[in-house]
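Examination of the molecular architecture
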Amino acid sequence: KLEPQRKKLSKIEREQYLIGHIPYRLQLLRFCHSVCEQNMIPHPDHDSELRIGWAAVIGDSNDLFINPIVESGLLYCRALLEFLGVAQDRKTGQLKEVAEPKDSGDIFIKDFGLPPLTKAQTVNGFSYASPVEIDSALRSVIETANKSVAHLTQAPKLAATFPSLSLACRVVVELINR
């Protein structure tokens, strides 16, 4: 099966992404990072695990407010990593480099005249976490986005936590800003 030829973005379309779409997602990731930082104290029943899709109780619970922010953070981390050329290998669960977008209509870093990131560029060079910590956080966030938010499937093998989502949000914002 031949994929349709990728349409080159016009200058106006590139500007729309640089001025509107990407900054909006970065703003949400900064907000999600802050929300995660405020929820680092382990819950007595759920530890630090994200409680995605759980029934929200109106009253003393703030889950009704937190869930949409967490879910958006998971999806935007995944989407922006894919934009940068990084995804999770479905068979191994490891991060992998992607030379071309999955679908012909996806916006990709090459559309802006920049090369995709390597795995090493994705996990190295951060003063606040080791490459192993970043790799683990990014993999758990991508998998949780895939299994718990983008699709209704069985629980992820490597579930994201508030600390891992917080770290992933911070890393993705920095990767985009590099």
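Quick notes on the rules
Residues numbered from 1 in each chain as written. Predicted model: local features only at pLDDT ≥ 70, side-chain atom pairs only at ≥ 80, totals over all residues. Heavy atoms only, no water. Helix = DSSP H or I, 4+ residues; strand = E, 2+ residues; numbered from the N terminus. Buried < 20%, exposed > 50% of the residue type's maximum accessible area, 1.4 Å probe, protein only. Contact = heavy atoms within 4.5 Å. Areas by Shrake-Rupley, 256 points an atom, 1.4 Å probe, with all protein chains shown as cover. Core = buried A, V, L, I, M, F, W, Y, C linked by side-chain atoms within 4.5 Å. Axes fitted to C-alpha atoms, helices over the stretch in contact; angles between N-to-C directions. Parallel < 35°, antiparallel > 145°, perpendicular 65-115°, else oblique. Left-handed = near helix turned anticlockwise from the far one by under 90°. pLDDT = per-residue confidence, 0-100. Salt bridge = Lys/Arg side-chain N within 4 Å of Asp/Glu carboxyl O.

Some words on the overall build of the protein
Looking only at helices and strands, one finds five helices and two strands in the protein. Overall, the protein shows an N-to-C arrangement of helices and strands of α-α-β-β-α-α-α. Going through the 178 residues of the protein one by one, you find that 40% of them count as buried. Across the protein, the fraction of contacts at a sequence separation of at least 24, relative to all contacts at a separation of at least 6, is 68%. Entry remark: accessible area of the protein is about 10600 Å², with carbon and sulfur atoms responsible for 54%.

Notes on the nonpolar core
Grouped together as the largest cluster of nonpolar side chains are 45 residues, with contacts concentrated most on Leu-29, Leu-74, Cys-77, Ile-134, Leu-138 and Leu-165. When residues of this core are traced back to their parent elements, those giving at least two are helix H1 (11-37), helix H2 (63-84), helix H4 (131-150) and helix H5 (162-177). The residues contacting Cys-77, other than those within four sequence positions of it, are Leu-29, Val-141, Leu-165, Ala-168, Cys-169 and Val-172.

Focus: the packing of H1 against H5
Relative to each other, H1 and H5 sit at 150°, their axes nearing to 8 Å. Comparing their axes, H5 and H1 come out roughly antiparallel. Both H1 and H5 take part in a crossing whose hand is left-handed. Between H1 and H5, the contacting residues are Ile-22, Leu-26, Leu-29, Arg-30, Cys-32, His-33, Cys-36 and Glu-37 on the first element and Phe-162, Leu-165, Ser-166, Cys-169, Arg-170, Val-172, Val-173, Ile-176 and Asn-177 on the second.

Let's talk about the confidence of the model for the protein
Put simply, the protein has an average pLDDT of 83, and 79% of its residues get 70 or more. Here residues 54-58 is a poorly scored stretch, pLDDT under 50, and it has five contacts once near neighbours within four places are set aside; other chains count.

Thoughts on the environment of Gln-121
Position of Gln-121 among the secondary structure elements: in helix H3 (residues 119-123). Placed 54 residues apart in sequence, Gln-121 and Leu-175 show a C-alpha to C-alpha distance of 8.6 Å. Those residues in contact with Gln-121 that lie beyond four places of it in its chain are Pro-116, Phe-126, Leu-175 and Arg-178.

Some remarks on the pattern of salt bridges
Going through the model one piece at a time under the given rule, you end up with four salt bridges. For the salt bridge of Asp-135 with Lys-119, the shortest nitrogen-to-oxygen distance reads 3.9 Å. Taken together, the residues Asp-135 in helix H4 and Lys-119 in helix H3 connect sequence positions 16 residues apart. A salt bridge links Glu-174 to Arg-178, with the shortest nitrogen-to-oxygen separation between them at 3.7 Å. The network of salt bridges with shared partners includes Lys-119, Asp-135 and Arg-139.

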